[in-house]
Amino acid sequence: MAKGVLGNDPFQRGAAQRDGERARPEDKAEPSAKGSPSKPRAKSPGADAPRAHAQGKTSRVARAGRSKSASGPSRAATKDARTRAAKGTASPPPPKPPAPPRHATATRREKEPSEGAPPRRSATSQPPRPAASPRKAGVSSHAPTDGHGVEPAPGGMEHLREPAASTVAPTPVTTNEGTPRTERQREVDHALAEAVAAEVAETTARLAVDEALERRPGKEDAVERLLATELTTELAEAAAEEALDHSPTTERPEAERELAAAVAARVAESAAELAVSEVMDHAPRGGPPTASDERAPFSRGARRGEADVGDDAVEAETPDLEATYLEAEVEVADPTRDELPSHARRSLTLVPPTSDSDEDPTLHAPHASRAPEAARPLAERATGMLALARDIAGQALASEGIGRALGAMNGLVDAVRAGLGTGGGAHLDEYGKDPSLVRRLEPVLEFLYGQYWRVTTQCIEQVPRGAAILVANHSGALPYDGLVMSLALTRERPDLREARWLVEDQVFHAPVLGTLFNRLGAVRACPENALRLLDEHRPVVVFPEGYQALSKPFAERYRLKRFGRGGFVKLALRTGAPIVPVAIVGSEETSPMLGRLPASFLGLPFVPLTPLGPVPLPAKWSIRFGEPISMEGVPAEAADDLGEVQRLTERTREAIQGMLHALLKERRSVFAG
Amino acid sequence: MDVSRPGKGRLRVAVTGASGEYGKLLLPLLERDSDVESILVLDVARPEGDKVDFHRVDLTRHDAEAELTDALTDQPVDALYHLAFLFGPIRNGSLAHELEVIGTMNVLTAAGRARLPRLVVPSLTAVYGARGNNPALLREDSPLQGCPNSRFVTDKVEVEGQVRAFRERHPDMRVLVLRFAPVLGPTIENPVTRLLTRTAVVPTLLGYDPLWQGIHEEDAGRALHQALRADASGEFNIVGRGVLPLSGLIRQAGARPLPLPGPLFRGALHTLDVVGADMLPVALLDYIHYSWVADGRRAETALGFTPFHHVRDAAAALRRS
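In this report, the structure presented in the accompanying data block is examined. (Residues numbered from 1 in each chain as written. Chains lettered and ligands numbered in written order. Predicted model: local features only at pLDDT ≥ 70, side-chain atom pairs only at ≥ 80, totals over all residues. Heavy atoms only, no water.)

1. A closer look at the overall build of chain B
Then step 1. Helices and strands together make up the secondary structure of chain B, namely 11 helices and 13 strands.
Then step 2. Counting over 321 residues, chain B shows a buried share of 59%.
Then step 3. Put simply, chain B shows about 12800 Å² of open surface, and 52% of that area lies on carbon and sulfur atoms. (Helix = DSSP H or I, 4+ residues; strand = E, 2+ residues; numbered from the N terminus. Buried < 20%, exposed > 50% of the residue type's maximum accessible area, 1.4 Å probe, protein only. Areas by Shrake-Rupley, 256 points an atom, 1.4 Å probe, with all protein chains shown as cover.)

Here you go:
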């Protein structure tokens, strides 16, 4: 799904907000038509302002285009909403509701998910946002005023709205650099993701409820709309939070936000129908107080007292209800319950990592003891809803996880096919790199780089821009070091041009491995190729030790071999590109050579015997970049001076060996680093 | 030698091998070119065309050189295209050798006698040979390592040697050698198109997927035509845009790659070769093992030739035919 579609794009949010702001004056012009006795919501301007501010000026273009395209339909939607609102006020607000029909809703709850949800899901497979955006303006414009028309206690609403505003405001810059995220940053990311989810949930809920209400002819009411919306929003938010807590913490907050938004949107859409039916069923008997009642089970702790004041009639029914409830949905309750202990925290991250279902009975007890004082049927309904929400969130999460795993699998299969020579990519560059294959392999590479090898780089900022020759030690029976170097450079130094690494003939022309490396960006080591790459102002990674470094036994690890014939120095002298010595630690242990299997019948000198075959071991990698050796002041003719070449070669070699010793001394454990 | 420049009058062009694969691509373009006054065809068969001035010459005959000299000195021409090369399945290897090597010798001698201002000879990028020590992109000055197993390629390398010697002896003449990547297109027949279209499954070497190039027949025709006016001399790599791995080329052409383990494949090929079945030439082994990618930059800067088609499209054109 595209980012913008899910609403986590600040530009897009800006667009939507803008529309809302533009439309609001119209609504204010005729507040009486809406029949809202109270003033327009005091909180919303304050809440919106920082958000709008955070979007920055850069989004103006996008906003302008979008609002233009959206203005036509949005006007219509606003008008439509207004007439509906007017109709709603014609009937006086219903009196205080009696206990809602519990059994009816119970059956409905069981029915609805099966018939309502699947078609929904198919609808959401296409991006929900574009379809919604024209209407969104109208919806968001009337909703705040509506909300205040029915919400007598401002405190209640505050809780619901606050997260979105308060969290977006302090973190206007959400772009993420490649730097590792600290714990604090991750917290912020998390909060941000939740805020995004909340917002998406709110919007989607409104739209979905509107739609659902339209499908039910006649009984339209601003109150019902609001109730349903609130209900749905709550559900979606809870689901999104839960999804977030369950999802593994990634280094990429965008992904987190996207996930949260996706879950929220999906849940909100699916739950809207249910919420509407829920509200409609008991709206004729219920009025504004229902709102607070209904929300009570979901809402934060501060509101529990409020809910306690709710009707006693309901309370009387609770025991038997409780029993049925327990049988019916044992595993369901935790989202509600989880919210209770965390009321000290105001709005964000209320749901702690939830327990498994087998924990539920024990954890359910406190809830049960507390439950009688709350509105029981509502609680039950709410838990039912939350069950639904949880299911949907779980499915969304599962599909996300499975999707990622499948993506990685597909990438691996593609890589194997490329290695075997049946891949058949159609978009290779002239060196043979297949960018689309690299993209498909990205999950695997990310895992290897971040979690399996935990590559750390030191002084990578020393790599100069433009052409540079990165000279590194070569090691491991299977030379993953070139790949890791190129990954490190693309990740840590995105400002540089894409780096390539040179590979000796024995590896480059090895079947499968050489072909696969070529598709991933390896280039055959020869002066012509190196010159061409340097002419393109790329950093070029070379391993002057070459093949002899790969074929040395494990006992000689990290002992540098002869540095070829100094080809890289000649290259540097001819092109003027600086030499950057690089020490790599970890590659020897990743694929240690235990022995050699003769393989002359395959046209290979030998096949290395490694512990896990082609699978690398999870040794920790650290890469240190040394001070660049500048070629300034040395004439290009020095390339023919063997003494000068020898001197520079030796200097580079010593620099690398020194850094290797330092890194090895710092290293405590091969695998833990 | 400004005679050959456009705008200085009408051009007279001589073509040998006009009925061959290259001739079929070039002649329609010459017919449409308003600067070209007449096309002197020196061949054994008369091609269609309004401007065609047919003169029967059999390049394999021993007296071909004299006939050529007569024809070229009778009516002076501005350019000679020597396109008499074979691309069909070669049953008679010695005849092919006779036509390509001895025929070229005759043509060059006649061209030297007639003091032609411009000579255009097509060649192949396959003359570079597919070797493990090839750089990623082969420039025109790379050595022509050829392919010792293939008469087809060896003859072309020999022709190139003759033409280079000729160019050195006649520095006042413009001698252009166009090294074409495999020409692909619905009307073209050459070893590569046969390999790609004859069977639904194309054997490849397991674990290897070398980079191939190709050029669409339209682009090839344009390149030949552009050589008529280009203010340049020497060799040019004429390649399409982009590269494809062999498996990708096979897929684009509508077939499927069948990777076979190297030793097995080699043995099978040699056996077939000994038996005499011309299923697959042994020479192919090199080309499906190592990459042979030529750099087309010189053609772009010096010849002014830019390919329109990507190799993908060229290979896909093969499928549609």
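This is not the end of the story, as more comes after the structure.
2. Here's the deal with the pattern of salt bridges
Then step 1. Under the criterion given, the structure shown has 33 salt bridges over all chains.
Then step 2. With a closest N to O distance of 2.8 Å, E442 of chain A and R491 of chain A form a salt bridge. Of this pair, E442 of chain A sits in helix α17 (residues 435–452) while R491 of chain A sits in helix α18 (residues 481–492), and the two are 49 residues apart along the sequence.
Then step 3. Note that K156 of chain B is salt-bridged to E100 of chain B, the shortest N-O span being 3.1 Å. Here K156 of chain B is found in helix α4 (residues 151–169), whereas its partner E100 of chain B is found in helix α3 (residues 93–114), with 56 residues between them in sequence. Here K156 of chain B and E100 of chain B have matching classes, each one buried.
Then step 4. Each member of the salt-bridge network shares a partner with another, and the members are D429, K433, E498, R500, E536 and R538 of chain A. (Salt bridge = Lys/Arg side-chain N within 4 Å of Asp/Glu carboxyl O.)

3. With respect to the interface of chain B and chain A
Then step 1. Facing the 29 residues of chain B at the interface are 29 residues of chain A.
Then step 2. When chain B packs against chain A, close to 2100 Å² is buried across both sides, 52% of that on carbon and sulfur atoms.
Then step 3. Area buried by chain B at its contact with chain A is led by L137, G207 and Y208 of chain B, which between them contribute 22% of it.
Then step 4. In this assembly, chain B and chain A are joined by 2 salt bridges.
Then step 5. In this structure, D209 of chain B engages R519 of chain A in a salt bridge whose closest nitrogen and oxygen atoms are separated by 4.0 Å.
Then step 6. The tally of links between chain B and chain A comes to 14 residue pairs in polar contact (both at pLDDT 80 or more). (Contact = heavy atoms within 4.5 Å. Buried area = accessible area lost by both parts, 1.4 Å probe. Polar contact = N/O pair within 3.5 Å; in protein donor to acceptor, adjacent residues only side chain to side chain.)

4. Here we look at the nonpolar core
Then step 1. Counting residues in each nonpolar core, the largest one holds 104 residues, and the members touching the most others are L72, Y81, F180 and I238 of chain B.
Then step 2. The biggest single contributor to this core is α3 of chain B, with 6 residues.
Then step 3. In contact with I238 of chain B, not counting residues within four places along its chain, are L178, R179, F180, A181, I215, A223, A299, L303 and F305 of chain B.
Then step 4. Listed in part, the 44 residues of the second largest apolar core include L445, A472, L489 and L520 of chain A. (Core = buried A, V, L, I, M, F, W, Y, C linked by side-chain atoms within 4.5 Å.)

5. Points about the sheet that holds strand β4 (residues 522–524) of chain A
All names here are of chain A.
Then step 1. Taken together, the 7 strands give an open sheet; going across it, the order is β1-β9-β6-β2-β5-β3-β4, and neighbouring strands pair in mixed fashion. Of all the strands in the sheet, just β1 (456–458) and β4 have a single pairing partner and so form its edges. Adjacent strand axes in the sheet meet at a mean angle of 25° when their direction is disregarded.
Then step 2. Both strand β3 (residues 500–503) and β4 contribute to a ladder of 3 bridges, which runs parallel. Across the sheet, residue W501 finds its bridge partner in β4, namely A522.
Then step 3. Docked against the sheet, α18 engages β1, β2 (468–472), β3, β5 (539–542), β6 (579–585) and β9 (622–625), running at close to 70° with respect to β9.
Then step 4. Relative to the sheet, helix α23 (residues 567–575) contacts β2, β5 and β6, its axis offset from that of β2 by approximately 165°. (Pairing = 2+ DSSP bridges. Axes fitted to C-alpha atoms, helices over the stretch in contact; angles between N-to-C directions.)

6. Points about the sheet that holds strand β2 (residues 36–43) of chain B
Residue and element names in this part refer to chain B.
Then step 1. Taken in spatial order, the 7 strands make up an open sheet running β3-β2-β1-β4-β5-β6-β11, and their pairing is parallel. Strand pairing shows two members of the sheet lacking a second neighbour, β3 (52–56) and β11 (234–238), which therefore form its edges. Here the strands of the sheet are splayed against their neighbours by 20° on average, with no regard to which way each runs.
Then step 2. Relative to strand β5 (residues 118–124), strand β4 (residues 79–82) is paired through 2 bridges, and the arrangement is parallel. Bridge pairing links Y81 to V120 in β5.
Then step 3. Its contacts with the sheet put helix α1 (residues 21–32) on β1 (11–16), β2, β3, β4, β5 and β6 (174–180), and the angle it makes with β2 is roughly 155°.
Then step 4. Against the sheet, α3 contacts β1, β4 and β5, and its axis sits at roughly 175° relative to β4.

7. Concerning the packing of aromatic side chains
Then step 1. Counting across every chain of the model gives 11 aromatic pairs over all chains.
Then step 2. Between the aromatic rings of W212 of chain B and W292 of chain B, the centroid separation amounts to 5.1 Å while the plane-to-plane angle is 70°, which identifies the pairing as edge-to-face. Taken together, the residues W212 of chain B in strand β9 (residues 211–212) and W292 of chain B in the loop between α9 (284–287) and α10 (297–303) connect sequence positions 80 residues apart. Each member of the pair, W212 of chain B as well as W292 of chain B, carries the same accessibility label: buried.
Then step 3. Taken together, a centroid distance of 4.8 Å and an interplanar angle of 70° make the contact between Y287 of chain B and W292 of chain B edge-to-face.
Then step 4. W292 of chain B gets classed as buried once you look at its relative accessible area, which sits at 5%.
Then step 5. Stacked on the ring of F554 of chain A, the Lys or Arg R557 of chain A has its end atom at 4.4 Å from the ring centre.
Then step 6. A cation over a ring is seen here: R222 of chain B above F308 of chain B, with NZ or CZ 3.7 Å from the ring centre. (Phe/Tyr/Trp six-rings, centres within 6.5 Å; stacked < 30°, edge-to-face > 60°. Lys NZ or Arg CZ within 6 Å of the ring centre and 35° of its normal.)

Bear in mind that shape data such as this cannot, by itself, settle questions of function.
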